[in-house]
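# Report on the structure
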Amino acid sequence: MESSKTFTRHIEFSPLTRILHWVRALCIFALIITGFYLGYPFLTPEPSMKLYALARGWHVIIGFVLIGATLFRFYLFFFSRGSAQERQSFPDSLSASKWIAILKTYLLFGTHPKQNGAYNPLQLVTYTFLMILIVLMSVTGIVLYMHTYHEGLGGALEPLFKSVEVMFGGLAQVRFIHHCTTWAFVVFIPVHIYMATWNAVRYPGGGLDTIAGGYRYDEQKG
């Protein structure tokens, strides 16, 4: 006789959270492409440098879209009712037993432990590190922006971010940090995609499934 399994469905990520995830993902991809071209314009330059200017223009626009989406994401995470499931992940990250269990899971020594929030401890730490990278890339990007556009928004931002430039050790060091942060994203993206896919395949109902559909499906025991 075939045995049937019963699952309960609950929402894990709100529609706004999922939209912002994909908006930021597309922005990061576009910024990496345009950023590398700005660093090394490998195409034959025109006398007017229109292609380079176009790449820089899009880089700036997409960069501010990423900053806006990230600020909105911060607001949703800390204040939105739809992100309550995410905020419930913090207690698990302070539990040594949860850390041991999830590390055993990823090392294929154990099964996935029951988690109370949207993220297991390793995911929460990883995503926190990702947000730090986005903030670092945004801040250094603004410093580079204000040195290119001295009037309008660039002029308004300069008094606010000049101290950041000094703190980082000057404009050359800011550019170096911005470049290193880009490479950190290049390394993170394939690892993130692999782990999210692996988690969804090995433990259906979580991982990649939830950021696409928003729902988690938990099997009922007994």
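These notes cover the structure that comes with them. Computed from a predicted model, the values in this text were never measured in an experiment. (Residues numbered from 1 in each chain as written. Predicted model: local features only at pLDDT ≥ 70, side-chain atom pairs only at ≥ 80, totals over all residues. Heavy atoms only, no water.)

Structurally, the position occupied by Asn-199 is in helix H8 (residues 171–202). Remark: the alpha-carbon pair of Asn-199 and His-112, spanning 87 residues in sequence, is separated by 9.3 Å. (Helix = DSSP H or I, 4+ residues; strand = E, 2+ residues; numbered from the N terminus.)

Taken as a whole and judged by the stated rule, the model has two salt bridges. Notably, a salt bridge pairs Glu-86 with Arg-73, separated by 2.4 Å at the nearest N-O pair. Of this pair, Glu-86 sits in helix H3 (residues 84–87) while Arg-73 sits in helix H2 (residues 50–79); the two residues are 13 residues apart in sequence, bridging distant segments of the chain. Take Glu-86: its relative accessible area is 0%, and that puts it in the buried class. Note on Arg-73: relative accessible area 8%, which makes it buried. Glu-165 serves as the salt-bridge partner of Lys-162, at 3.2 Å between the closest nitrogen and oxygen. (Salt bridge = Lys/Arg side-chain N within 4 Å of Asp/Glu carboxyl O. Buried < 20%, exposed > 50% of the residue type's maximum accessible area, 1.4 Å probe, protein only.)

Turning to the side chain of Glu-165, a few remarks are in order. Mapped onto the elements, Glu-165 comes out in helix H7 (residues 153–168). Not counting residues up to four positions away in its chain, the partners in contact with Glu-165 are Val-143, Met-146, His-147, Gly-170, Leu-171 and Val-174. (Contact = heavy atoms within 4.5 Å.)

Because an α-helix packs 3.6 residues into every turn, residues spaced three or four apart end up facing the same way. Among all positions in helix H5 (residues 96–106), only Lys-98, Ile-102, Thr-105 and Tyr-106 are buried. Across the axial projection of H5, the buried residues extend over an arc of 90 degrees, all falling on one side. Structural note: H5 exposes Ala-96, Ser-97 and Ile-100 on the side pointing more than 90 degrees away from its buried face. Summarising the contacts, the buried residues of H5 are in contact with helix H4 (90–93), helix H6 (121–146) and H8. Downstream of H5 by one or two residues, Leu-108 has phi in the positive range, about 65 degrees. (Arc of directions from axis to C-beta.)

Now for the packing of aromatic side chains. Inspection of every chain in the model, using the stated rule, returns eleven aromatic pairs. Summarising the aromatic geometry, the rings of Tyr-37 and Tyr-52 are spaced 6.5 Å apart at their centres and angled 45 degrees between planes, so their arrangement reads as tilted. Of this pair, Tyr-37 sits in helix H1 (residues 15–39) while Tyr-52 sits in helix H2, placing them 15 residues apart in sequence. Owing to a relative accessible area of 11%, Tyr-37 belongs among the buried residues under this scheme. Under the relative-accessibility criterion, Tyr-52 is labelled partly exposed at 24%. Seen from their ring centres, Phe-72 and Tyr-75 are 6.4 Å apart, and the 15 degrees between their planes marks the pair as stacked. (Phe/Tyr/Trp six-rings, centres within 6.5 Å; stacked < 30°, edge-to-face > 60°.)

With that settled, consider the nonpolar core. Residues Ile-28, Ile-32, Leu-66, Leu-130, Ile-134 and Phe-185 are the most contacted members of the largest nonpolar core, which totals 14 residues. Among the secondary structure elements, those contributing two or more residues to this core are H1, H2, H6 and H8. In contact with Leu-66, other than residues within four places in its own chain, are Arg-24, Cys-27, Ile-28, Leu-31 and Ile-134. Ile-142, Val-143, Met-146 and Val-174 belong to the second-largest nonpolar core, a separate cluster that totals nine residues. (Core = buried A, V, L, I, M, F, W, Y, C linked by side-chain atoms within 4.5 Å.)

Taken together, the side chains of Ile-19, Val-23, Tyr-40, Phe-42, Leu-43, Leu-51, Leu-54, Trp-58, Ile-61 and Val-65 make up a nonpolar region of the molecular surface, amounting to roughly 990 Å² of accessible area. Of all the secondary-structure elements, those providing two or more residues to the nonpolar patch are H1 and H2. It is H2 that provides the largest number of residues to the nonpolar patch, a total of five residues. Positionally, Trp-58 belongs in helix H2. (Patch = residues over 30% accessible without salt bridge, like charges linked within 9 Å, V, L, I, M, F, W, Y side chains within 5 Å. Areas by Shrake-Rupley, 256 points an atom, 1.4 Å probe, with all protein chains shown as cover.)

At a minimum axis distance of 10 Å, the contact between H2 and H6 shows a crossing angle of 140 degrees. Our classification of the angle between H2 and H6 gives oblique. By crossing handedness, the relation of H2 to H6 is classed as left-handed. Here Val-60, Phe-64, Leu-66, Ile-67, Thr-70 and Phe-74 of H2 come into contact with H6, specifically with Met-131, Ile-134, Val-135, Ser-138, Ile-142 and Tyr-145. Residue composition of the contact of H2 with H6, grouped by class: ten nonpolar, two polar and no charged. (Axes fitted to C-alpha atoms, helices over the stretch in contact; angles between N-to-C directions. Parallel < 35°, antiparallel > 145°, perpendicular 65-115°, else oblique. Left-handed = near helix turned anticlockwise from the far one by under 90°. Nonpolar A, V, L, I, M, F, W, Y, C, P; charged D, E, K, R; others polar.)

All we've got here are geometric facts, nothing functional implied.
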